[in-house]
Amino acid sequence: MNSPRPVTADDLPQVIDLLDTIFRREKGIVDQSVLSDFPLVFAAGNLQNCRVICHDGRVISHAAVWPRTMMIDGHRVGVGIIVLVATARDARHRGHAAALMKDLQDSMPALGCDIGLLWTGVPGFYQRLGWTLNSPPGWFATGSTAAVATTTSIIDYRPSEHLSDLHNLQQAGSIHASRTMAETGVLLSLPKCHVSVAVDGDRPGAYLVEGRAINKQGLIEYAGPPELVWSLVSRAASRTTTDSRLVVFPTHASLATFARDAGWQVQPLTSSKGLGDEMVLVLNPKIATPQILDRLFAWGLDQA
Ligand SMILES: CC(C)(COP(=O)(O)OP(=O)(O)OC[C@H]1O[C@@H](n2cnc3c(N)ncnc32)[C@H](O)[C@@H]1OP(=O)(O)O)[C@@H](O)C(=O)NCCC(=O)NCCS
């Protein structure tokens, strides 16, 4: 079997075609590509963390890790987010994906990862590789809201005016993904993600991201005081005909109360993505303690 190796820029068209076939076209999605959906995973600086196995010049299997730093109540935790693990249909069950995962898992400590984190529909595959299921703190709320009268001024995100304030709001959370402002700018401009801003005085006081992409669904990221966030949620929910899906972060527990009071269904979260099984791999038990794992919550737009 050919060995895993890092992706090169020349491999990218084939890698993207394989992944778009499996994660987009086979699911009926023709207006999204993993290249634009995961711009920071496929950025030049992260390509060495994307791995492939090739056979006769053809890319047949891929897996990547995207190293992030989560801040959890002042503790820095290096988190390797595993994304886009796939093998071409005609090459499955020959150990390719497992070989890529073992290669990534071996490389993660040197990348500063204390823990691995992923979301999946096939937990059995990862359990064999040492991963365990994780239930993050937080709630998942679904419901709808009639048109609301609010005194809060709500406007669409304008990067040139709002980026810096929104970045600062996100970074101020007691649990948050550490980002550069440039990363925040890229993430807030992901395809099919709409960002609304609540203006408090003459500055943004809160923001909300509503995802309508196959990989980003629902009200998945926000920052600012819960009351202002709830006015954004209410406005977003009043504008759709279907129930809205709100991931309630542990930092914003009162949103669960607001949602219940508004007649929404509120349930404990099983995955900080709201979907799929969440799994962790402890790489550094000194940092990834049970106490930290109990508080681990991955911020919306940093998820795969
Ligand atoms: C899941 C997937 C990546 C596995 O790729 P693969 O190269 O066939 O995997 P491997 O051959 O390395 O499998 C290793 C072991 O995991 C097990 N395994 C494979 N697919 C599995 C699945 N879907 N569920 C549970 N276990 C699985 C196999 O039994 C295998 O062990 P065995 O061959 O001794 O029985 C592939 O089926 C795929 O691309 N699926 C579609 C995309 C997807 O769901 N990706 C994961 C998203 S997080």
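The structure presented is a predicted model; accordingly, all values stated were derived computationally and were not measured. (Residues numbered from 1 in each chain as written. Predicted model: local features only at pLDDT ≥ 70, side-chain atom pairs only at ≥ 80, totals over all residues.)

## A few points about the packing of helix H7 (residues 226-238) against helix H8 (residues 254-261)
Contact geometry of H7 with H8 gives a least axis separation of 10 Å together with a crossing angle of 45°. Relative to H8, the element H7 lies oblique. As for how H7 packs across H8, the hand of that crossing is right-handed. Between H7 and H8, the residues in contact are Pro 226, Val 229 and Trp 230 and Ser 254, Leu 255 and Phe 258, respectively. (Axes fitted to C-alpha atoms, helices over the stretch in contact; angles between N-to-C directions. Helix = DSSP H or I, 4+ residues; strand = E, 2+ residues; numbered from the N terminus. Parallel < 35°, antiparallel > 145°, perpendicular 65-115°, else oblique. Left-handed = near helix turned anticlockwise from the far one by under 90°. Contact = placed C-beta atoms within 7 Å.)

## With respect to the environment of Glu 183
For Glu 183, the location among the structural elements is in helix H6 (residues 181-188). Overall, the presence of 18 C-beta atoms within 10 Å leaves Glu 183 in the partly exposed class. Taking the C-alpha atoms as reference points, Glu 183 and Gly 201, 18 residues apart in sequence, are found 27 Å from one another. (Buried ≥ 20, exposed ≤ 12 C-beta atoms within 10 Å, placed from the backbone.)

## Observations regarding the site of the ligand
Taken together, 18 residues sit near the ligand, with Thr 87, Arg 92, Ala 97, Ala 98 and Gly 124 positioned nearest. Residue classes in the shell around the ligand are distributed as seven nonpolar, eight polar and three charged. (Near = placed C-beta within 6 Å. Nonpolar A, V, L, I, M, F, W, Y, C, P; charged D, E, K, R; others polar.)

Honestly, that's just the spatial picture; any functional story needs more than this.
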